[in-house]
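Summary of structural features
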Amino acid sequence: MLTLGLLPGPTEVKLHHINHYLAPIVDVLLEFWHGFDLPVSSKHPTGKRIRLAVICCSNDIPAARKLCGHISALVGCHRCYKRAERNGDNKRPNFGGFDNIGEWFRERSVDEHRRNAEGWLSCISNEERKQHVSDTHVRWSEMLRLPYFNPIRHPIVDPMHCLFLGITRWIVKRLWIENRKLTKSDLELIEKRAKRIKIPADLGRVPDNIATGDGFSAFTADQWRSFIMIYATPILWDLLDESDRKILANFVRACFLLVSRIIDRNSLNEAHSRLLTVAKLIEEHYGSEYITPNIHLSLHLTECCHDYGPLYSFWCFSFERMNGILGEFLRLINFFLRPYY
Ligand SMILES: [Zn+2]
C-alpha cells in the first residue's frame, strides 16, 4: 500500500475543503504522470523511466463524491443521468421509477463534468457556488488537474459498502424487520437456526446475538456478507412471503455471481439483470421511497467489473481492515496519553 496522506481530524473534512489536502498529492501525481527516473541498478544500468497514473478510486459513496467533485448521492447518480425524486408528501428522496430507464441509464459526459467543474472555479462568491452546484451537481476537484482522470468511471461503486453494508442491511432491517415481516419471535428462531449452522473457519461466522436489540445489531460488512450468502436462504426462506423470497433469491444469486474469482460477460449480464429485478420488486412491493442510492448504484456494479475485473480486485474489504488497524493504534495512543489525576 502506498500511503500519500492521512487527513487530520477530529472531524471529517467538508466538501471542497478536501482540495487543500489533495493539491500537494496531485502535484506529485502529475510529476509521476510526466515520468520519473528510477536510479541505476544492475538490471537497468542506464536507469529506468516510469510513469504512474491513478486509474481507480475505491471509497464509500460520500468519499468518492467529495474526491471527484460530485454532489451528494441523495441528489443524483454520479455515473448516469438519474436524479433522485421525492414523489408524494413526506417521502424520502429516492431513485425509484424504472419505466424510463433508457432515458437516464447512460454514462455521464466527462467533458460536461469538466466544463461544469471549471465553471464552479470561476464563481466569485459562496452563494454563486451554491447555485452552480445546485444547477449542475458538480464542484471543482483538484483531481481534475490530472489530464487523464475520469471523474465518472474512476470512482468505482464499492461492492462492500453497496451490496453488504448497504443493500443487505437495508433489506433485512428496513424492509423486513421495520415492516414487521420478521417479528421478534422470528428473530429468536433465526438466531437458533444460525447457531446450528457450522461453516469453515476461514469464513466469518455471524454473531450469536441476532435477536438482541433491534436485530442484527452492529453486524460488520464481513458478517453481512456471510449472512446473505450462506445463512439467509436456509434460515429465512419459510418465514418470508412469495415476493420477499423473490427479492432474496435474486439478490443472493447476483452476489454469488459477482463475488466469483473468475467472471465472464454472461455472468455479469445475469448479475445485472438480477439486481435490476431486485430493485423493481422492492419498488413494486414496498414503494419507490425504498429505492436507496445503494440500490441504484448496484446497477453500475457490472460496469465497474468490465473496467476493473472481479469485485474482490477493487472492493474496500482489505482497505477497511487497514482502517481498523489504524483505529486501534489511535485507541492505544489515546489510552497511553490519557491524563493521570
Ligand atoms: Zn446511475
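Note that the coordinates shown come from a computational prediction; the quantities given were computed from them, not determined experimentally.

This next bit is on the overall build of the chain. In terms of regular secondary structure, the chain is built from 13 helices and 2 strands. On the principal axes, the C-alpha backbone points of the chain span a range of 65 × 55 × 50 Å. Of all 341 residues assigned to the chain, the portion counted as buried reaches 45%. Restricting to contacts in the chain with at least 6 residues of sequence separation, those with at least 24 account for 67%. Taken as two groups, the 45 positive and 39 negative side-chain charges of the chain have centres that lie 4 Å from each other.

Moving on, we come to the packing of helix α4 (residues 110-121) against helix α5 (residues 126-136). Running from amino to carboxyl end, α4 crosses α5 at an angle of 165 degrees, the nearest separation of the two axes being 9 Å. The orientation of α4 relative to α5 falls into the category roughly antiparallel. When you trace α4 past α5, the crossing you get is right-handed. Contact with α4, carried on its side by N116, G119 and W120, involves R129, H132, V133 and T136 of α5 and no other residues of that element.

Here we take up helix α2 (residues 61-68). Three or more residues of α2 are buried, namely A64, R65, K66, L67 and C68. Two to three positions downstream of the cap, the backbone nitrogen of A63 sits 3.1 Å from a side-chain oxygen, assigning the N-cap of α2 to D60.

A word on the packing of aromatic side chains. Going through the model one piece at a time under the given rule, you end up with 12 aromatic pairs. Between the aromatic rings of F32 and F36, the centroid separation amounts to 5.7 Å while the plane-to-plane angle is 75 degrees, which identifies the pairing as edge-to-face. Arranged with centres 6.0 Å apart and planes meeting at 55 degrees, the rings of W170 and Y290 form a pair that is tilted. Here Y290 lies in the loop between α10 (265-286) and α11 (293-297) and W170 lies in helix α6 (residues 159-177), a separation of 120 residues in the sequence. One aromatic cluster is present, built from ring pairs that chain together F216, F219, W224 and F227. For the cation-ring pair, R51 lies above W33, with the distance from its terminal atom to the ring centre recorded as 4.2 Å. Geometry around Y312 places R261 over its ring, the cationic atom sitting 4.0 Å from the centre.

A few words on the packing of α6 against helix α9 (residues 242-258). Closest axis-to-axis distance for the α6/α9 pair is 12 Å, and the angle between their directions is 170 degrees. Taken together, the axes of α6 and α9 lie roughly antiparallel to each other. Residues L163, F164, I167, T168, I171 and W176 of α6 touch α9, and the partners they reach there are D244, I247, L248, F251, C255 and L258. Across the contact of α6 with α9, the residue classes tally to 10 nonpolar, 1 polar and 1 charged.

What counts and what doesn't
Residues numbered from 1 in each chain as written. Predicted model: local features only at pLDDT ≥ 70, side-chain atom pairs only at ≥ 80, totals over all residues. Heavy atoms only, no water. Helix = DSSP H or I, 4+ residues; strand = E, 2+ residues; numbered from the N terminus. Buried < 20%, exposed > 50% of the residue type's maximum accessible area, 1.4 Å probe, protein only. Contact = heavy atoms within 4.5 Å. Lys, Arg positive; Asp, Glu negative; His and termini not counted. Charge placed at Lys NZ, Arg CZ, Asp CG, Glu CD. Axes fitted to C-alpha atoms, helices over the stretch in contact; angles between N-to-C directions. Parallel < 35°, antiparallel > 145°, perpendicular 65-115°, else oblique. Left-handed = near helix turned anticlockwise from the far one by under 90°. Polar contact = N/O pair within 3.5 Å; in protein donor to acceptor, adjacent residues only side chain to side chain. Phe/Tyr/Trp six-rings, centres within 6.5 Å; stacked < 30°, edge-to-face > 60°. Lys NZ or Arg CZ within 6 Å of the ring centre and 35° of its normal. Nonpolar A, V, L, I, M, F, W, Y, C, P; charged D, E, K, R; others polar.

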